Amino acid sequence: MSQSLLLSCLERHLPEGLDLLQKLVEINSYTENREGVNRVGCATAEAFAPLGFKAEFVPSTNPGWGDHLVMCRAGSSADIVGMVSHLDTVFPPDEEARNGFHWLREGDRIYGPGTQDIKGGTVMIWMVLAALRDVAPVIFERATWKLFWNSSEEALSHDFGEVCRQRLGRAARAALVFEAEGRGERVSRLVVARKGRATWRLRVSGRGAHAGGKHAWGANAVVQLAESVRQVAALTNPARHLTFNVACVSGGVGLNRVPHEAAAEGEFRAFTPEVYAGAKSALLALAGPGLVASTADGYRCQVGVEILGESRPWPRNAATDRLLAIWQQAARELGVSIGSEERGGLSDGNLLWDAVPTLDGLGPYGENDHCSERSADGRKVPEFVEVSSFVPKAALNVTALLGMLESTIGPASGRDRS
């Protein structure tokens, strides 16, 4: 296929794609804003309908969240390709208003909630499919395309993984996740692995006492919590890419009381199942009698450890590496270089990699996801996406998809292979 033909096609689609991006960004879709998330879902379904996709809205297991969106275009071959994005963002409406964080184009950058994470990824899916329809209609028609949007990815909704797995099946060629690409030394990086995450809570039960008259009888839960969170933080092991974060701490009631209870919450993350399992065991082992005790009779504080939620690691694996090789070959055909990275943040790829070959980072390039503030000195910059990243990345994705599908479907007759 002529590169110039493909690039010209994508350039024609870019203005419409940016119009779609603006429409999506201007709808607040904070995870807990159910109405806004559903509006983004309807706008997305409307945008993909002219490409022949039919929409299915799947209620979330959490009634306070919006509906997941599934869109399908059935083909004549056995090849199934999944594409994954999400509808929600992390920004409540009052935060957007307070920080004046809205759609704003300045040169090559477009600022706004979701521009990079991940409404830009949704536009990338649209551009890729529109280009395939135009330049490779035979392959576009023969493949079955299944598109998935998570309504609550930022809240780690695990039910979405089951929605995808049930509809993709194990015969699918790939699950392609359109989170933003990484960059290193100006080289695009696709995501081939992600850390798993567990959230936890420590609860310390001590013994209250009058801080003046009965201080010795007290077993100070706050002091024990300080000891316990120090032990948790010490479990971090950079050499094993294991991180523990103590995020929230509470305890005590009044200054004249020895605190009888205290609590802390946080998370840990690891890339491999082995390191993850070891970290979980080490954390749970901190439960039991504490170090802090009453000096009057030896009554000890008790430490409880609870795992609140878990997202499994997505480790580096052969199936993902095979997809990476296809994208690297496409890059060579286009005369560009791409690399790979193992990313610490979670995505829907964590829910899919062991069922379907999965590759991530297929969206456009941007920075500062989850950030809404801008400072006059330029040291605070909100989330943005680079307009110039859309066409080259879409060309890479189209070329790679053609390489992957032609291995089974065969060349599209009549296509220019020059």
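Structure first, text after, so check above.
These numbers come from a predicted model, not from an experiment.

Reading the values: rules and limits
Every chain is numbered independently, its residues counted from 1 as its sequence is written. Predicted model: local features are reported for residues with pLDDT of at least 70 only, side-chain atom pairs are reported and counted for 80 or more only, and whole-chain, interface and lining totals are derived from all residues. Side-chain numbers come from the whole structure's heavy atoms, not from hydrogens or water. A pair of strands is treated as paired once DSSP finds two or more bridges between them. Numbered from the N terminus, helices here are DSSP runs of H or I no shorter than four residues, and strands are runs of E no shorter than two. Note on aromatic contacts: the rings of Phe and Tyr and the six-membered ring of Trp form a pair at centre separations within 6.5 Å, being stacked when their planes are under 30 degrees apart, edge-to-face when over 60 apart, and tilted otherwise. A simple rule labels every residue: compare its accessible area, found with a 1.4 Å probe on the protein chains alone, to the largest value its type can have, and call it buried under 20%, exposed over 50%, or partly exposed in between. A positively charged side chain is recorded as over a ring if its NZ (Lys) or CZ (Arg) lies within 6 Å of the ring centre. The angle to the ring normal must also be within 35 degrees. A carboxyl oxygen of Asp or Glu within 4 Å of a side-chain nitrogen of Lys or Arg is what we treat as a salt bridge. We define the nonpolar core as a collection of buried residues of types Ala, Val, Leu, Ile, Met, Phe, Trp, Tyr and Cys that are connected through side-chain atoms lying within 4.5 Å of one another. Every residue pair with non-hydrogen atoms within 4.5 Å of one another is taken to be in contact. Fitting a line to C-alpha atoms yields each axis, with helices limited to the stretch in contact; the angle taken between N-to-C directions then spans 0 to 180 degrees. Geometric relationships in this document are graded by angle, where less than 35 degrees denotes roughly parallel, more than 145 denotes roughly antiparallel, 65 to 115 denotes roughly perpendicular, and other angles denote oblique. Handedness of each helix crossing follows the sense of rotation of the near helix against the far helix: counterclockwise by less than a right angle gives left-handed, clockwise gives right-handed. For this classification, Asp, Glu, Lys and Arg are treated as charged, while Ala, Val, Leu, Ile, Met, Phe, Trp, Tyr, Cys and Pro are nonpolar and the rest, including Gly, are polar.

Below, the discussion takes up the pairing of strand β15 (residues 288–293). In this sheet, strand β16 (residues 300–311) lies alongside β15 in antiparallel orientation, the contact comprising three bridges. If you follow Gly288 over to β16, its bridge partner there is Val303. Hairpin geometry of β15 and β16 is characterised by an intervening segment of six residues between the two adjacent antiparallel strands and by a positive phi of about 80 degrees at Gly298.

A separate point is the packing of aromatic side chains. A complete count under the given rule lists seven aromatic pairs for this structure. Arranged with centres 5.0 Å apart and planes meeting at 70 degrees, the rings of Phe91 and Phe101 form a pair that is edge-to-face. Of this pair, Phe91 sits in the loop between β3 (80–86) and α3 (93–98) while Phe101 sits in the loop between α3 and β4 (104–106), and the two are ten residues apart along the sequence. Residue classification places Phe91 among the buried positions, given a relative accessible area of 2%. Feature note: the residues Phe48, Phe53 and Trp149 constitute an aromatic cluster, connected by ring pairs. We note Arg109 situated over the ring of Phe384; from NZ or CZ to the ring centre the distance is 3.9 Å. Arg374 extends its terminal NZ or CZ atom over the ring of Tyr111, reaching a point 4.4 Å from the ring centre.

Overall, the coordinates contain 24 salt bridges when judged by the stated rule. Note that Arg343 and Glu341 form a salt bridge whose closest N and O atoms lie 2.7 Å from each other. Among the residues examined, Glu341 registers a relative accessible area of 17% and is labelled buried. Beyond isolated ion pairs, a larger network of salt bridges with shared partners links Arg165, Arg312 and Asp354.

Bringing the nonpolar core into the picture now. Counting residues in hydrophobic clusters, the biggest one holds 70 residues, and the most contacted among them are Phe48, Leu129, Leu132, Trp145, Leu176, Trp327 and Leu401. Here Leu132 is in contact with Pro137, Phe140, Trp145, Val398, Leu401 and Leu402, once residues within four sequence places are set aside. By size, the runner-up hydrophobic cluster in this structure holds 23 residues, among which are Val229, Ala279, Val303 and Val305.

What follows concerns the sheet that holds strand β9 (residues 187–194). With mixed pairing, three strands are arranged side by side in an open sheet as β8-β9-β17. At either margin of the open sheet sits one strand with a lone partner, and together these are β8 (182–184) and β17 (338–343). The sheet shows a mean angle of 45 degrees between the axes of neighbouring strands, taken without regard to direction. Sheet analysis places β9 next to β17, joined by six bridges and oriented parallel. From the neighbouring strand, Arg194 faces β17, where its bridge partner is Arg343. Docked against the sheet, helix α9 (residues 318–334) engages β9 and β17, running at close to 150 degrees with respect to β17.

When two helices pack together, their arrangement is captured by the angle between the axes and the distance separating the axes. The interhelical angle for the contact between helix α4 (residues 119–135) and helix α11 (residues 390–406), taken along N-to-C directions, is 55 degrees, at an axis separation of 9 Å. If you check the angle between α4 and α11, you find them oblique. Crossing geometry of α4 relative to α11 is assigned as right-handed. Note on element contacts: α11 touches α4 through Phe390, Val391, Lys393, Ala394, Asn397, Val398, Leu401 and Leu402, opposite Gly120, Val123, Met124, Met127, Val128, Ala131 and Leu132. A class-by-class count of the residues in the contact of α4 with α11 yields twelve nonpolar, two polar and one charged.

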